Protein chains: 2
Amino acid sequence: MGGTELITQPDSHTGESAPSLPEHTLEKNREPTHGLIARLGRWLERDRLPAPVETQTLFAARLTDVAANRLARQWSTRYTTADDAERRFLLAELAQTSAGIEPRDDLGVRLFKRLNAQTDGLRFLVGLRADMLRWRKQIAGLTLLERELEGLLSNWFDVGMLELKPINWDSPASLLEKLIQYEAVHEIHSWDELRRRVAKDRRCYAFFHPGMDDVPLIFVEVAFAPKMADNVQVLLDMQTPPDDLSKARWAIFYSISSTQAGLRGISFGNFLLKRVIDELLSELPNLKSFATLSPIPGFAAWLGKQDGKVLQELLHDRTDNQYAQDSVRSGLRWVAQLQKAAVGDASDVVQRAGLKLAAHYLTSIKSGQLIDPVARFHLGNGARIERINWAADCSPKGLQQSCAMMVNYLYSLDELDENLLQLAAGKPRIARHLRWR
Amino acid sequence: MGGTELITQPDSHTGESAPSLPEHTLEKNREPTHGLIARLGRWLERDRLPAPVETQTLFAARLTDVAANRLARQWSTRYTTADDAERRFLLAELAQTSAGIEPRDDLGVRLFKRLNAQTDGLRFLVGLRADMLRWRKQIAGLTLLERELEGLLSNWFDVGMLELKPINWDSPASLLEKLIQYEAVHEIHSWDELRRRVAKDRRCYAFFHPGMDDVPLIFVEVAFAPKMADNVQVLLDMQTPPDDLSKARWAIFYSISSTQAGLRGISFGNFLLKRVIDELLSELPNLKSFATLSPIPGFAAWLGKQDGKVLQELLHDRTDNQYAQDSVRSGLRWVAQLQKAAVGDASDVVQRAGLKLAAHYLTSIKSGQLIDPVARFHLGNGARIERINWAADCSPKGLQQSCAMMVNYLYSLDELDENLLQLAAGKPRIARHLRWR
């Protein structure tokens, strides 16, 4: 569920390569400087940059000012059609004007409300903020503007403004292809694979905003099972027979993707699963339990950086005496061994060590926050760590990120509030059998 | 266009009897006290009032807190089904809890976001604010809550979030009946009259919010004419032949009504006519000019309070020598004379005096604001006073409010910004022939 951290982590930078920002846009910035200057030159000749006095109008004029709104339309049209280099130029110019505004009052807010009043203004602003987040470290003065825009977006994308809608094989193809485009956890390789994800025995729900209602802002894919699922390849396999909804007792959230880098830090994602659970319960009242089958995206990277001595300490307890005699193994060697074991024959001892290390990682807190972004999301919703599954995602990505382990976060509606209190006290909730220490 | 001041005048109290607050709700407050207490008693027995610690939860708990959100649902359900006395009780209790919250931070905002996340939450909050505005002088501590809610609503009802949609005879009857219900300027007495307002040769546009899309928030009725219209009864007459759209050069905005008392002070109304003009121009490119035919709602009340001597001064100029010899007439006597003249034979002298007094009233400024609410709305949009029409609305309401005079405000797109600058400098724009002084 690697996409979710975009939404829950305002300060995370993992979103910089989010699906909505394809790699080639980053490539463009690495063009030789002379190319950039040449293109800027052409652009300046072609179409004069608005003079500072004009962009100041975008901030200062009344929201009903006809001339200022015409200028705003020109500015946003130019921005929309510009390439990255030109966009940076336009943003830098805007930030410079912004820095000179004194007293500020609501003038920054007014700029964005003016742009929002244009046709398709909300979509434009979400894209604009994505660019601001990309470039706020390179462009002086951009952070203030970005924060003002974030404040507005957090009201405009308040969960009360959103609509939860199902997506299925009857949905428009133009919408379905966005699932392929934005799926951030378990890639969808073909329309046949997509069809399996939205088949009659599965569910997919997304939050939509009426101002850009052709784009799912965040979506979750749901499977059903008689017990808690422990392997994602089984869920995704096209040959797996359809889930029998009449026997379903468990709903399994096996993929959550947020789509808009420009909405990073806006918190509607935290409401998604609770709203979906309400929907599912009203459609399938036989459901008893709700859990995720989630990746552990930062595990292998974390483990690779750990000191061997520390790991040995971690693993050494009465039931694991043999490790006390072992030679100290570096974190990187642990990663290699766990990956190898996941796809080969794993001894109970290695498997048990892997699960212990994963449990330790999942509950590790740094600067008051869980270090794993997906754990942060689900435990931040009040879920608890229910089970860690060995060899649960043996795809290349699963192996590489988490030595093929996955975790079930359990959403027990009656416990969410209490779990959150525990988390706030520094005690993330984890199932009893995973508490080795 | 008496309804518009609801939107443009946050401090006006004319909205207290807005269409959405039928008179009987005000009546209820005048019930004998023992009845109120008896009913509260019954209610307290029936259903325990939430204890203070519980309403505090509505402010303090996280927005995803399951228990707090359940409580919010109970609270809003109870509020919705309550009568006025019980609502006042609930609001007073909320205001009391609110007053004890320290430090406040965003906790007031959180309360309203929590309520907004309920089903149909936005509509609930708009109604809640209407009640707050009604009772803020009677309930201590309510103003702070009301202001916090206003701040959120001004973002949620930002014009960029609204949709401008046409209403016509093909619209659902459930929507059309809302025009009858909310029409605040020229009452609609029957479905036949309504049919005339939305006939093929007329236009009606409204702003809608996707969160409550069965309610027009503000709507304008438009007629078309070869020249600027000067009499509203002619426009409303069911016998008047259809306007010939191919010959239409003028679009006449003859009625604007806002519908939600709870959105008073939220400024989307100022965008309505400009957006409608854009729509009309794209559909009917032959249109050349855009003007209103508007009431002068405060004229007679103002004139009745004027001192006779002052009025004589006003009217006395070189061309009106006869008034210099006249005996001084009180404001009230002027009102009576103008009303009589409007429906009888008016001498040029009386007519001219009426127009002069109306022009004076329409351009009068007090505490930096035009005193007439409709003038304030249209001049605040950048329109100018183009013509004052004698005997233009001879309905009982027209006679009573404005001695049957009406005014055309001209929307000349290229002049709006300049007109506003003039207005800000204390010089409301008025056509040359109306400048007697």
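These numbers were taken from a predicted model, which means no experiment stands behind them.

### Some points on the packing of helix α5 (residues 66-81) of chain A against helix α8 (residues 121-135) of chain A
Residue and element names in this part refer to chain A. Contact pair α5 / α8: the axes reach a minimum separation of 12 Å and the direction vectors enclose 60 degrees. Relative to α8, the element α5 is oriented oblique. Judged by the twist between their axes, the crossing of α5 over α8 is left-handed. On α8, the residues that touch W75, S76, Y79 and T80 of α5 are F124, L128, D131 and W135.

### A look at the interface of chain B and chain A
Contact with chain B, which involves 28 residues of that partner, is made by 28 residues of chain A. Both sides of the chain B and chain A interface together cover about 2,400 Å² of buried area, and 55% of this is carbon and sulfur. The tally of links between chain B and chain A comes to 12 residue pairs in polar contact (both at pLDDT 80 or more). Among the secondary structure elements, those contributing two or more residues to the side of chain B that touches chain A are α5 (66-81), α7 (107-116), α9 (142-156), α13 (269-283) and α21 (416-424) of chain B. The element best represented in the side of chain B that touches chain A is α9 of chain B, accounting for 4 residues. In the side of chain B that touches chain A, the residues fall into 14 nonpolar, 8 polar and 6 charged.

### A few points about the relation of the copies chain B and chain A
Superposing chain B onto chain A takes a rotation of 180 degrees plus a shift of 0.0 Å along the axis, which leaves an RMSD of 0.0 Å. Expressed as an axis order, the relation between the two copies is that of a two-fold axis. Looking at chain B, 100% of its interface residues are interface residues in chain A too, so the copies touch through the same face.

### Brief notes about the pattern of salt bridges
Any two side chains of opposite charge can pair, given that their charged atoms come close. Residue and element names in this part refer to chain A. Using the criterion set out here, one finds 39 salt bridges over all chains in the structure. Between D131 and R87 there is a salt bridge; the shortest N-O distance is 3.1 Å. Taken together, the positions of D131 in helix α8 and R87 in helix α6 (residues 84-99) put the pair 44 residues apart, joining distant regions of the chain. A single burial state applies to D131 and to R87, both of which are buried. With a shortest N-O distance of 2.7 Å, E415 and R384 are connected by a salt bridge. In this pair, E415 sits in the loop between β9 (406-410) and α21 (416-424) while R384 sits in strand β8 (residues 384-389), placing the two residues 31 residues apart along the sequence. For E415, a relative accessible area of 27% translates into the label partly exposed.

### Regarding the domain arrangement of chain A
Residues and elements named next belong to chain A. When cut into domains, chain A gives domain 1 (52-156), domain 2 (160-292) and domain 3 (299-436). If you average the C-alpha positions of domain 1 and of domain 2, the two centres end up 34 Å apart. Between domain 1 and domain 2, the residue contacts involve 13 residues of the former and 13 residues of the latter. Buried area between domain 1 and domain 2, summed over both chains or domains, comes out near 1,000 Å², and the portion from carbon and sulfur atoms is 59%. The largest contributions to the domain 1 side of the interface with domain 2 come from L122, R123 and V126, which together make up 44% of the buried area. Its salt-bridge partner being R123, residue D214 comes within 3.0 Å of it at the nearest N-O pair. The interface formed by domain 1 and domain 2 includes 4 residue pairs in polar contact (both at pLDDT 80 or more). Sorting the residues of the side of domain 1 that touches domain 2 by element identifies α8 and α9 (142-156) as the ones contributing at least two each. Here the element with the most residues in the side of domain 1 that touches domain 2 is α8; it accounts for 6 residues. Per-class residue counts for the side of domain 1 that touches domain 2 are 6 nonpolar, 2 polar and 5 charged.

### Things to note about unusual backbone geometry
All names here are of chain A. The peptide bond linking E102 to P103 adopts the cis configuration, its omega dihedral lying at -5 degrees. With respect to the secondary-structure elements, P103 resides in the loop between α6 and α7 (107-116). Although it is not a glycine, D105 adopts a positive phi angle of roughly 45 degrees. Residue placement: D105 occurs in the loop between α6 and α7. According to the relative accessible area criterion, D105 is exposed, its value standing at 65%. Here S367, not a glycine, exhibits a phi torsion of approximately 50 degrees, which is positive. Secondary-structure assignment places S367 in the loop between β6 (365-366) and β7 (369-370). By relative accessible area, which is 75% here, S367 ends up exposed.

### Points about the packing of aromatic side chains
Tallied over the full model, the rule gives 20 aromatic pairs over all chains. Ring centres 5.3 Å apart and planes at 45 degrees place the aromatic pair W302 of chain B and Y361 of chain B in the tilted group. With W302 of chain B in helix α14 (residues 299-304) and Y361 of chain B in helix α18 (residues 348-362), the pair connects residues that are 59 residues apart, well separated along the chain. In terms of burial, W302 of chain B and Y361 of chain B fall into one category: buried. Through a chain of ring-to-ring contacts, the aromatic side chains of W75, Y79 and F124 of chain A assemble into a single cluster.

### Some thoughts on the environment of L194 of chain B
Residues and elements named next belong to chain B. With respect to the helices and strands, L194 occurs in helix α11 (residues 191-197). The class for L194 is buried, based on a relative accessible area of 0%. When sequence neighbours within four positions are dropped, the list of residues in contact with L194 reads W169, L176, L179, I180 and I188.

Calculation criteria
- The numbers attached to residues start from 1 for each chain and follow its sequence in the written order.
- Whichever chain is written first becomes A and whichever ligand is written first becomes 1, with later ones labelled in order.
- Under the rules for a predicted model, residues below a pLDDT of 70 receive no local features and side-chain atom pairs below 80 are neither given nor counted, while totals for whole chains, interfaces and linings still include all residues.
- Calculated side-chain values reflect all of the structure's heavy atoms, with hydrogen atoms and water omitted.
- Only the stretch in contact is used when a helix axis is fitted, and all axes are lines through C-alpha atoms; the angle between N-to-C directions ranges over 0 to 180 degrees.
- Here a helix means four or more residues in a row that DSSP labels H or I, a strand means two or more in a row labelled E, and each is numbered from the N terminus.
- Each angle receives one of four descriptions, namely roughly parallel if under 35 degrees, roughly antiparallel if over 145, roughly perpendicular if within 65 to 115, and oblique otherwise.
- Throughout, a crossing is termed right-handed when the near helix is turned clockwise from the far one, and left-handed when it is turned anticlockwise from it by less than a right angle.
- When checking whether two residues touch, look at their non-hydrogen atoms; a contact exists if any pair is within 4.5 Å.
- Accessible area that two parts lose when put together, with a 1.4 Å probe and added across both, is what the buried area reports.
- Definition of a polar contact: a pair of N or O atoms within 3.5 Å, with one able to donate and the other able to accept a hydrogen when the atoms are protein atoms, and with sequence-neighbouring residues admitted only if both atoms are side-chain atoms.
- Gly is put with the polar residues, along with every residue not named as nonpolar or charged; the nonpolar set is Ala, Val, Leu, Ile, Met, Phe, Trp, Tyr, Cys and Pro, and the charged set is Asp, Glu, Lys and Arg.
- All copies are superposed by least squares; the fitting set is the C-alpha atoms of residues with a pLDDT of at least 70 in both.
- The rule for a salt bridge is simple: a side-chain nitrogen of Lys or Arg has to be within 4 Å of a carboxyl oxygen of Asp or Glu.
- Buried, partly exposed and exposed residues are distinguished by accessible area as a fraction of the type maximum, computed with a 1.4 Å probe on protein chains only: under 20%, between the cut-offs, and over 50%, respectively.
- A domain assignment, automatic or from a database, supplies the domain bounds used here.
- Side-chain rings of Phe, Tyr and Trp (the six-membered ring for Trp) are treated as a pair once their centres are within 6.5 Å; stacked means planes under 30 degrees apart, edge-to-face means over 60, and tilted covers the remaining angles.

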